[in-house]
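# Summary of structural features
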Number of protein chains: 2
Amino acid sequence: MGTGGFNIPGEALDSAGPAPAGGIDPAESEARFTITDLSREYAVTPRTLRFYEDEGLIHPTRRGTTRLYSRADRARLAWILRGRSVGFSLADIRDLLDMYAPGPARRPQIEATLAKSRERITALNEQRAALDATIAELEQFCSTVEAQLLRPNP
Amino acid sequence: MGTGGFNIPGEALDSAGPAPAGGIDPAESEARFTITDLSREYAVTPRTLRFYEDEGLIHPTRRGTTRLYSRADRARLAWILRGRSVGFSLADIRDLLDMYAPGPARRPQIEATLAKSRERITALNEQRAALDATIAELEQFCSTVEAQLLRPNP
DNA sequence: CCTCACCTTTACGTTCACGTCAATATTCTG
DNA sequence: CAGAATATTGACGTGAACGTAAAGGTGAGG
């Protein structure tokens with residue numbers, strides 16, 4: 001697979017994906033989106049996409065000065081937004097995305113990456129526990145209130 | 001159950017709890033903590049606690065000018081911090097805590113509260129899905145990297 | 001009584017993640 | 001090809017959640 005990069009289920013996160021199944025169209029079959037296309041699809045503003053680019057989270061190509069987003073960029077954005085939704089900072093996300101990039105890393109580098117990933121997983125599991133507890137409490141609250149509503153005077 | 005307030009498992013969130021089991025000590029058996037006690041226990045700064053008070057999230061009593069936190073306050077803080085850890089804003093948290101307070105609310109008010117709670121639960125479940133997906137991906141990433149590390153040249 | 005440690009309020013500073021003009025290209029469409 | 005729609009780069013503003021001095025009160029111990 002490509003240069004040995006690890007990829008995300010469903011959609012490649014690295015830069016170039018080959019033509020879709022049924023390989024017609026030699027060079028430019030890659031679907032490309034404008035900034036408003038993408039911003040509408042993911043319910044963010046163009047400003048947000050430019051900001052993410054400034055922060056090094058995403059790297060659209062250009063036609064002239066206009067940004068063009070590939071499918072990989074679109075997948076990357078999805079990843080970013082999901083990361084954001086679970087509480088990652090943009091710096092966190094950039095680091096994580098960089099980890100996915102198959103740079104020719106030396107072994108100690110890779111091991112450090114691995115360690116950091118495992119730490120992250122631990123933290124996320126703790127967060128999951130907090131989330132479950134919060135959900136449980138809110139549900140308990142809801143059913144108690146509901147019961148209260150149905151009893152005394154209808 | 002005091003005045004009919006709903007409370008959180010484990011520790012009462014409303015203001016006054018009666019003396020612990022074994023009812024000795026008529027009036028002041030309530031354990032009270034100073035601001036640094038609490039901040040150390042929960043690994044936040046005193047500044048944070050004062051800020052939360054300014055924002056109406058917690059209401060310690062005073063001895064003179066010095067803040068005194070009860071066990072209920074401590075439980076409240078725990079709730080706040082867990083809410084924060086799952087991504088609630090302080091305003092969110094204040095609203096949720098207010099919901100727990102058994103104010104003499106009218107029926108439509110209560111129903112609105114219920115609806116909001118259910119919305120929150122829905123959002124939290126979505127967040128849970130995102131969290132699970134992120135964890136799964138990170139774990140996949142880790143095992144792939146690990147396998148890569150063990151194969152070619154030891 | 002005096003110091004020391006800890007408490008207080010007031011108030012301005014900071015970081016993050018964008019929002020909001022403004023002024024200017026550029027690109028699509030009739 | 002003209003006009004409308006959309007894009008771009010600055011640059012400054014904003015809200016949330018605290019941090020960080022500055023300038024004091026207060027009480028227990030030596």
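Residues numbered from 1 in each chain as written. Chains lettered and ligands numbered in written order. Predicted model: local features only at pLDDT ≥ 70, side-chain atom pairs only at ≥ 80, totals over all residues. Heavy atoms only, no water.

You'll find chain A entered in an unreviewed UniProt entry as MerR family DNA-binding transcriptional regulator, with Sandaracinobacter neustonicus given as the organism.

The next subject is the side chain of D73 of chain A. Along the chain, D73 of chain A turns up in helix α3 (residues 71-85). Buried within the structure, D73 of chain A lacks any salt-bridge partner; R32 of chain A is the closest side chain of opposite charge, at an N-O distance of 5.5 Å. (Helix = DSSP H or I, 4+ residues; strand = E, 2+ residues; numbered from the N terminus. Buried < 20%, exposed > 50% of the residue type's maximum accessible area, 1.4 Å probe, protein only. Lys, Arg positive; Asp, Glu negative; His and termini not counted. Salt bridge = Lys/Arg side-chain N within 4 Å of Asp/Glu carboxyl O.)

Superposing chain B onto chain A requires a rotation of 180° together with a translation of 0.0 Å along the rotation axis, leaving an RMSD of 0.1 Å. When the rotation and shift are considered jointly, the pair of chain copies conforms to a two-fold rotation axis. Interface overlap between copies: 100% of the residues of chain B at the interface are likewise at the interface in chain A, consistent with a symmetric, same-surface contact. (Least-squares fit on C-alpha atoms with pLDDT ≥ 70 in both. Contact = heavy atoms within 4.5 Å.)

Moving on to the UniProt feature "coiled-coil region" (unreviewed entry) in chain A. This chain's UniProt record puts "coiled-coil region" (unreviewed entry) on residues 114-141 of chain A. Between the first and last C-alpha atoms of residues 114-141 of chain A the distance is 40 Å; the span itself is 100% helix and 0% strand. (UniProt positions renumbered as here; feature names shortened; annotations may be inferred.)

Each partner contributes residues to the interface: chain B has 42 residues there, and chain A has 42 residues. Our count for the chain B to chain A interface comes out at six salt bridges. With a shortest N-O distance of 3.1 Å, R118 of chain A and E146 of chain B are connected by a salt bridge. Between chain B and chain A we count ten residue pairs in polar contact (both at pLDDT 80 or more) in total. The biggest single contributor to the side of chain B that touches chain A is helix α5 (residues 107-150) of chain B, with 29 residues. In terms of residue class, the side of chain B that touches chain A is made up of 23 nonpolar, nine polar and ten charged. (Polar contact = N/O pair within 3.5 Å; in protein donor to acceptor, adjacent residues only side chain to side chain. Nonpolar A, V, L, I, M, F, W, Y, C, P; charged D, E, K, R; others polar.)

In the region of DNA strand D, 16 residues are neighbours, and T34, T36 and R67 of chain A together with T45 and Y52 of chain B sit closest. Close to the protein, within 4 Å, the atoms of DNA strand D are drawn from sugar and phosphate at a rate of 67%. A distance of 3.2 Å is found between a phosphate oxygen of DNA strand D and a side-chain nitrogen or oxygen belonging to R62 of chain A. At four residues, the largest contribution of residues to the surface near DNA strand D is made by helix α2 (residues 46-54) of chain B. (Near = heavy atom within 4 Å.)

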